[in-house]
Amino acid sequence: MKNAMIGMALALAVTTGLSATHGFAAETGRSQTIVRNGEQASLKGAEAFFTGNVRIDPLYPANNAMRSSGGVVTFEPGARSNWHIHPVGQVLIITSGVVRTQEWGRPVQEVRPGDVVICPVGVKHWHGAAPNCSMSHISICEEQEPGKVVEWMEKVTDEQYNGTGSGSGQSVKE
Ligand code: MN
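All values reported here derive from a predicted model rather than from experimental measurement. (Residues numbered from 1 in each chain as written. Predicted model: local features only at pLDDT ≥ 70, side-chain atom pairs only at ≥ 80, totals over all residues. Heavy atoms only, no water.)

1. With respect to the layout of surface pockets
Consideration 1: The volume enclosed by the second largest pocket comes to roughly 150 Å³.
Consideration 2: In terms of lining residues, the second largest pocket is bounded by Val35, Arg36, Asn37, Gly38, Glu39, Gln40, Asp57, Pro58, Leu59 and Val72.
Consideration 3: The dominant element in the lining of the second largest pocket, judged by the number of residues it contributes, is strand β3 (residues 54-60), at three residues.
Consideration 4: Class assignment of the residues belonging to the lining of the second largest pocket gives a composition of four nonpolar, three polar and three charged. (1 Å grid on protein atoms, 1.4 Å probe; cavity = no way out; pocket = protein on both sides within 12 Å on 5 of 7 lines; lining within 4 Å. Points joined across faces, edges and corners; volume = space filled by probe spheres on them. Helix = DSSP H or I, 4+ residues; strand = E, 2+ residues; numbered from the N terminus. Nonpolar A, V, L, I, M, F, W, Y, C, P; charged D, E, K, R; others polar.)

Shown next as C-alpha cells:
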C-alpha cells in the first residue's frame, strides 16, 4: 500500500503538479529508504499534458525535508510534452535515444544520451523525442511548495516541433 501511494503521489506530481507529499511526511526519518526497482507502477502521460505516447516510471518522491523528486520519462518517436514552466527549475539527464527540446523564442535543439539539460526557473519550454527515434530522460524537479513542480501550458504544434512555427528561431537539423 505504501509503495502504491508513493507511485501515485509521484505520478501526480510529474503529470499534474499536484502534491507528491501525501503519505510521505511520516517517512522522513533517520534511515535510508530503498525504493526497489519494480515497486512503482509505470504510468501513462496524460493526454492533457503530452502529445503522443509517454510513459512515466517514478523513481523517488519529495518529502518534507528533501524537495526534489525524480522519474524516468520515456517518449515514443514524435511524442512531446506541452509547453510548460518549472517554478524551481528542472534537470534532465538524457539516458537513451534522441531528444528535441526548445525554449520559447529559440531554436529547437537536439540532445543525446549523456547530455544534461538544465531548465532555468520560469523559462517556457518543451521536451520530447525525435520524429524517428524514441528517448528516455531522468527528470529531477524541486518543489516550490508541496507538489508544485510544473505549470502546464498549450500543446506544441507540429510546426513548432519541426522548428517552423511560432516560438521557433529556425529549423532543427535532420
Ligand atoms: Mn520541463
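Having seen the model, we can carry on.
2. So, the coordination of the manganese ion
Consideration 1: Around the manganese ion, the protein contributes the donor atoms His84 (NE2), His86 (NE2), Gln90 (OE1), His125 (NE2) and His127 (NE2), which lie 2.1 to 2.2 Å from the metal centre.
Consideration 2: Summarised as a motif, the one-chain spacing of the donors to the manganese ion is H-x1-H-x3-Q-x34-H-x1-H. Taken together, the residues span a long stretch of sequence, with His84 in strand β6 (residues 84-85) and His125 in strand β11 (residues 125-129) at a distance of 41 residues. Pair check on accessibility: His84 and His125 agree, each one buried. (Donors = N, O, S within 2.8 Å, 3.2 Å for Na, K, Ca; no water. Buried < 20%, exposed > 50% of the residue type's maximum accessible area, 1.4 Å probe, protein only.)

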